[in-house]
Amino acid sequence: MSDDIAILGVGMHPWGKWGKNFVEYGVKAARDALADSGVDWKDIQFVSGGGTVRCGYPGYVAGATFAQALGWNGAEVNTSYAACASGSQALAAARHKILSGACEVALVVGADTTPKGFLAPAKGYRPDDPDWVRFLVGITNPTYFGLYARRRMDLYGDTEDDFNIIKIKNSKHGFTNPNARYKKIFTEEDIAKSPMVADPLRLLHITATSDGGAALIVSSMDYAKRIGKADAVKVAAISTSTPTFASGNVEMPDIATDSAAAAGVSPISYRSTIALKAYEEAGISPKDVSLAEVYDLSCALEMDWMEDLRLCEEGEAAHLVRAGDTKVGGRLPVNASGGLSCFGEAVPAQAIAQVCELTWQLRGTAGERQVEGAKVGITANQGLFGHGSSVIVKR
Amino acid sequence: MSEDTRLTNAAGQSAALEGWYTLDDDSPALIGTRCTRCSTYYFPKMSRFCRNPDCDSEEFEEIELSREGTVWSYTDANYQPPEPYVSPEPFEPFAIIGVQLEKEQMIVLGQAARGITVSDLRVGMDVELVLETLYTDDDGDKLVWRWQPKQ
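The structure presented is a predicted model; accordingly, all values stated were derived computationally and were not measured. (Residues numbered from 1 in each chain as written. Chains lettered and ligands numbered in written order. Predicted model: local features only at pLDDT ≥ 70, side-chain atom pairs only at ≥ 80, totals over all residues. Heavy atoms only, no water.)

Undergrad: Can you tell me about the side chain of A:D158, naming the residues and giving the values?
TA: All names here are of chain A. Here D158 is to be found in the loop between α6 (141-156) and α7 (160-174). A distance of 2.6 Å separates polar atoms of two side chains, one belonging to D158 and the other to R152. Not counting residues up to four positions away in its chain, the partners in contact with D158 are R152, M153, F163, M303, A318 and R322. (Helix = DSSP H or I, 4+ residues; strand = E, 2+ residues; numbered from the N terminus. Polar contact = N/O pair within 3.5 Å; in protein donor to acceptor, adjacent residues only side chain to side chain. Contact = heavy atoms within 4.5 Å.)

See below:
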């Protein structure tokens, strides 16, 4: 299809709490991606960075920061900040540039250095900022994950055991992943001993924040052919759609949903609309999916995503989990990389890291976590203020 | 807001978020707005532009939201939230409820009333709004809305 672009190279800096400058992670990831692609840095025509709001001015202009660090080469730059979807928006910018013919080969890169503990709002008395108000009344990010998880339990009969199965599964997936931060196979006992954070979610059910970096080298299909990589894994679709009024789910950082009281308005779940647009754009159905990398900010949220991606019917994700379908080796592996559960979240790098994993999987080079015969992969994530994304990658 | 305009109730308590709820002792309510053209409700208040994509009205009326609703979901906070949350010493865990308001067709979050834990709650349960002290500073008690299960 003419709307495809090639993924020539992928690279990551391992996730962790390294405490270094974010630029270092991005440069390492970018150099690995360049080496993987065989493309020379000086041939890169466009540098598209995922921005970070936590690392000062260099983070706001991340594209230029990485371009300078790699050695100014005259390439055009872009920086995309879109919360958890930053990496996908950076990839979308490169894709548009390539598909319009304005450039042939681009670097997409994101990296972050994160503080300890809860992500917290900016200081001052700011009642006009919902992110400030919710913290005033004690509502943190895990509050939202706890609300979603408890609703699943009361509505669908999901149990803490289901969350534990997911945690243990993901910990096994990430155990041999060299880029994962947590390489430990957790047991039910470990989870039960971890403290309750936001009932029903314990510390081990919730993602940490991490440092990390991820990068992609992408190009036109013509360019890929010219350098002998016509069979490269391809990006088939990128959805970065916004919500549809009225929101049917309480979303971070809001204290209330939209009202659906006006005539002709009905509440709609945002997460499902993100994925549906990606399927439509790729001309692919959920039945074609070999594996999914989803934003498991909590173990329970992994099941919400499975339903939102239409990998199963609403309320039925736990059946797949219990049957072992979502393990590597199962019918439909979810988070073969180990997911956020094993990585922790490095916001501007995370959506790019999801694409790195799918690329390795579709090339058949994912090692012990390899999903046999993987042909189509989908990513999904969602963040603050109406930002979310889904990327479909195919062979 | 300046000292002169601060509103207090008979007991001298004021709102932690001024203008977000009435300080009525018996039946306090969240204060929102309603688009006068399409009837979309807003909480927090919106008085500049209607966010319904089918409506471009800039006319709103201030309204009190329904004081009663049903539990959409619930959780709790077992770790002390960061600022601007003001914690008692030592920190006391509290429950949080998302409440579905029927007339407004929206979900509003809030803490559960003091003493309510997640084991007291179920999705679908009826709750009503109460005011309780969120924290106390030099100006006295600062009140916040909370959700209390109905008997």
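Undergrad: Outline the pairing of strand β11 (residues 388-394) of chain A, listing residues and values.
TA: Residues and elements named next belong to chain A. Most of β11 sits out of view: seven of its seven residues are buried. What you see with β11 is no split at all: G388, S390, I392 and K394 on one side and S389, V391 and V393 on the other are buried throughout. Note: strand β8 (residues 233-239) against β11, five bridges, orientation antiparallel. Note on β11: the bridge partner recorded for K234 is K394. As paired strands, strand β10 (residues 376-382) and β11 are joined by five bridges and run antiparallel to one another. (Buried < 20%, exposed > 50% of the residue type's maximum accessible area, 1.4 Å probe, protein only. Pairing = 2+ DSSP bridges.)

Undergrad: How would you summarise the interface of chain B and chain A if you had to cite specific residues and measurements?
TA: In this assembly, 45 residues from chain B lie in contact with 44 residues from chain A. Both faces combined, the contact of chain B with chain A buries some 3600 Å², and carbon together with sulfur accounts for 66% of it. Contact with chain A buries surface across chain B, with B:W72, B:Y79 and B:L109 losing the most and accounting together for 19% of the total. For the pair chain B and chain A, the number of links is 14 residue pairs in polar contact (both at pLDDT 80 or more). Looking at the side of chain B that touches chain A, the elements with two or more residues in it are β5 (68-77), β6 (94-101), β7 (106-112), β8 (126-137) and β9 (140-149) of chain B. Per element, the largest residue contribution to the side of chain B that touches chain A is six residues, and it comes from β5(B). Partitioning the side of chain B that touches chain A into residue classes produces 28 nonpolar, ten polar and seven charged. (Buried area = accessible area lost by both parts, 1.4 Å probe. Nonpolar A, V, L, I, M, F, W, Y, C, P; charged D, E, K, R; others polar.)

Undergrad: So what's going on with the nonpolar core? Residues and values would help.
TA: Core analysis: the largest hydrophobic core is formed by 98 residues, its most contacted members being A:I392, B:Y21, B:F43, B:W145 and B:W147. Other than its neighbours up to four places away in sequence, A:I392 contacts A:K234, A:V235, A:A236, A:A237, A:A278, A:Y279, A:A282, A:I284, A:V376, A:G377 and A:I378. (Core = buried A, V, L, I, M, F, W, Y, C linked by side-chain atoms within 4.5 Å.)

Undergrad: Please give an account of the pattern of salt bridges that cites residues and values.
TA: One pass over the full model with this rule turns up 29 salt bridges over all chains. For B:E128, the salt bridge is made with B:R67, and the minimal N-O distance between the two is 3.8 Å. One end of the pair, B:E128, is in strand β8; the other, B:R67, is in the loop between β4 (60-64) and β5, with 61 residues separating them in the sequence. Linking B:E68 and B:K150 is a salt bridge whose minimum nitrogen-to-oxygen distance equals 2.9 Å. Of this pair, B:E68 sits in strand β5 while B:K150 sits in the segment after β9, placing them 82 residues apart in sequence. Classification of B:E68 as partly exposed rests on a relative accessible area of 40%. Residue B:K150 is classed as partly exposed on the basis of its relative accessible area of 37%. Because the salt bridges share partners, they merge into one network encompassing A:R152, A:D158, A:R271, A:D304, A:E307 and A:D308. (Salt bridge = Lys/Arg side-chain N within 4 Å of Asp/Glu carboxyl O.)

Undergrad: For empty space enclosed by the protein, give the residues involved together with the corresponding values.
TA: Residue and element names in this part refer to chain A. Applying the stated criterion to the full structure yields three cavities of 30 Å³ or more. In this structure, the largest cavity spans a volume of roughly 110 Å³. In terms of lining, the largest cavity is formed by F145, Y148, E251, M252, R271, Y295, L297, L301, W305, Q382 and G383. The volume enclosed by the second largest cavity comes to roughly 100 Å³. Residue assignment for the lining of the second largest cavity shows that the elements contributing at least two residues are β9 (291-294), α13 (339-343) and α14 (347-363). (1 Å grid on protein atoms, 1.4 Å probe; cavity = no way out; pocket = protein on both sides within 12 Å on 5 of 7 lines; lining within 4 Å. Points joined across faces, edges and corners; volume = space filled by probe spheres on them.)

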